[in-house]
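Structure assessment
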Amino acid sequence: MAPAADAAKCAAALGVETLKLTFMGTAGARFMVAKQVAASGGLFLEDGNVKLALDPGPGAIVQYAQRKVDLTTLDAIVLSHRHLDHTGDVNVMLEAMTDGGFQHRGQLFCPSDALDDDPVVLEYVRRFPREIVRLAPETTYSVDGLSFTTSGRHVHQSETYGFRFGEKLGWVTDSGYYDGIAEQHRAGVMIIHTVLRDCIPHLPHLCIADAERIVREAKPRIAFLTHYGMTVWRANPADVAAGMSQRTGIDVRAAADGLSIEL
Ligand SMILES: [Zn+2]
């Protein structure tokens, strides 16, 4: 048996579940998503039997199907914000989670503006899940024992939150850099949405220098860059991550479509 499988089995025997994260896509922003240069299915988080789909963007349903994930066992869908690259497949995912709407189960967590004016969650789909929770800043939620905490409201065009899953995982979603962003997402493993190669004032997205600043301040054990915009993609994410590792002395890696990690 491989050492990793051995460790997971051992942890399960001790009642300590390992958190498993799979990148169902690494594309960020319009052009990468429109051309499907990389997939845009968001993140899949598994904690024992508890399963969460995070930011199911366009094509998420295809990514889950290709990896033979039974979506009727999904416990919740979490949206960081309403932009299309994060929510494109939320309706079909809600339908899949509830077995076509026939099983009243699962939860949806999302900012209020995903539900109100010009909603991204269709009205007729809203009666399918057991509960729809409107996210608030700096609040802790629990899905069958898997708890997560929202950050303060991000600097972004719509209501946006980042997340921390205990000490294990910090997920820095779309945002411009702000004081406290590193602290609010500090965890052993951090995922950082790095959309821009060069910082562009007034464009509320993290650039490579911003991501590096977050890594320096939060000092995670490992940081993964993902949600690449076209300029980061062209700069080669693996090279960008390697440069950041060299400069910071912290293990920074480039996420890839389908990559699975155990935390
Ligand atoms: Zn966005």
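As shown above, the structure is provided for reference.
Residues numbered from 1 in each chain as written. Predicted model: local features only at pLDDT ≥ 70, side-chain atom pairs only at ≥ 80, totals over all residues. Heavy atoms only, no water.

**A look at helix H5 (residues 90-97)**
By the burial criterion, the buried members of H5 are Val90, Asn91, Met93, Leu94 and Met97. Take H5 and look down its axis: the buried residues cluster within an arc of 165 degrees, on one side only. Of the surrounding secondary structure, the elements contacted by the buried residues of H5 are strand S3 (50-54), helix H3 (60-66), strand S4 (76-78), helix H4 (84-87) and strand S5 (107-110). Immediately beyond the C-terminal end of H5, within one or two residues, lies Asp99, with a positive phi of roughly 55 degrees. (Buried < 20%, exposed > 50% of the residue type's maximum accessible area, 1.4 Å probe, protein only. Helix = DSSP H or I, 4+ residues; strand = E, 2+ residues; numbered from the N terminus. Arc of directions from axis to C-beta. Contact = heavy atoms within 4.5 Å.)

**Concerning the coordination of the zinc ion**
Distances from the zinc ion to its protein donors, His81 (NE2), His83 (ND1), His156 (NE2) and Asp174 (OD), fall within 2.2 to 2.4 Å. Within one chain, the residues serving as donors to the zinc ion are arranged as H-x1-H-x72-H-x17-D. Of this pair, His83 sits in the loop between S4 and H4 while Asp174 is found in the loop between strand S10 (169-172) and helix H6 (181-184), placing the two residues 91 residues apart along the sequence. (Donors = N, O, S within 2.8 Å, 3.2 Å for Na, K, Ca; no water.)

**Details of the layout of surface pockets**
Computed from the structure, the largest pocket encloses a volume of approximately 510 Å³. Lining of the largest pocket is provided by 21 residues; of these, Ala29, Arg30, Phe31, Asp85 and His205 occupy positions nearest its centre. At the level of elements, helix H2 (29-35), H4 and helix H8 (230-234) are the ones that each hand at least two residues to the lining of the largest pocket. Here the residues of the lining of the largest pocket are counted per class, giving 11 nonpolar, 7 polar and 3 charged. (1 Å grid on protein atoms, 1.4 Å probe; cavity = no way out; pocket = protein on both sides within 12 Å on 5 of 7 lines; lining within 4 Å. Points joined across faces, edges and corners; volume = space filled by probe spheres on them. Nonpolar A, V, L, I, M, F, W, Y, C, P; charged D, E, K, R; others polar.)

**Digging into the sheet that holds strand S7 (residues 140-143)**
Within the open sheet, the 7 strands sit side by side as S7-S8-S9-S10-S11-S12-S13. Their pairing is mixed. Bordering the open sheet on either side are S7 and strand S13 (251-254), each of which pairs with just one other strand. Averaged over all neighbouring strand pairs, the angle between strand axes comes to 20 degrees, with direction disregarded. Strand direction decides the pairing type here: S7 and strand S8 (residues 146-150), joined by 4 bridges, are antiparallel. Pairing of Ser142 across the sheet is with Ser147, part of S8. Against the sheet, helix H7 (residues 208-218) engages S10, strand S11 (189-193), strand S12 (222-226) and S13, with an angle of about 160 degrees to S11. (Pairing = 2+ DSSP bridges. Axes fitted to C-alpha atoms, helices over the stretch in contact; angles between N-to-C directions.)

**Quick notes on the environment of Ile261**
By secondary structure assignment, the location of Ile261 is in strand S14 (residues 260-262). For Ile261, a relative accessible area of 12% gives the class buried.

**Topic: the state of the cysteines**
Evaluated as defined, the whole model comprises 1 disulfide. The side chain of Cys199 participates in a disulfide bridge whose partner is Cys207; the two sulfur atoms lie 1.9 Å from each other. Its S-S torsion of approximately 45 degrees makes the covalent link between Cys199 and Cys207 right-handed. Note on Cys199: relative accessible area 44%, which makes it partly exposed. Accessibility expressed as a relative area gives 1% for Cys207, which makes it buried. (Disulfide = S-S within 2.5 Å.)

**As for the nonpolar core**
If you look at the biggest cluster of nonpolar residues, it comprises 52 residues, and the most contacted ones within it are Leu52 and Phe165. No other element matches H7, which puts 5 residues into this core. When near neighbours in sequence (up to four residues on either side) are disregarded, Phe165 contacts Leu19, Leu45, Leu52, Leu54, Leu146, Ser147 and Phe148. Grouped together as the second largest cluster of nonpolar side chains are 22 residues, Leu79, Met97, Val120 and Phe128 included. (Core = buried A, V, L, I, M, F, W, Y, C linked by side-chain atoms within 4.5 Å.)

**Topic: empty space enclosed by the protein**
The final tally for this structure, using the stated rule, is 1 cavity of 30 Å³ or more. By volume, the largest cavity amounts to about 110 Å³. Contributing to the lining of the largest cavity are 14 residues, with Gly25, Ala27, Gly42, His193 and His227 lying nearest its centre. Among the elements of the structure, strand S2 (40-47) and H4 are those that each provide at least two residues to the lining of the largest cavity. Residues of the lining of the largest cavity, tallied by class, amount to 3 nonpolar, 9 polar and 2 charged.

Read these as spatial facts, not as claims about activity.
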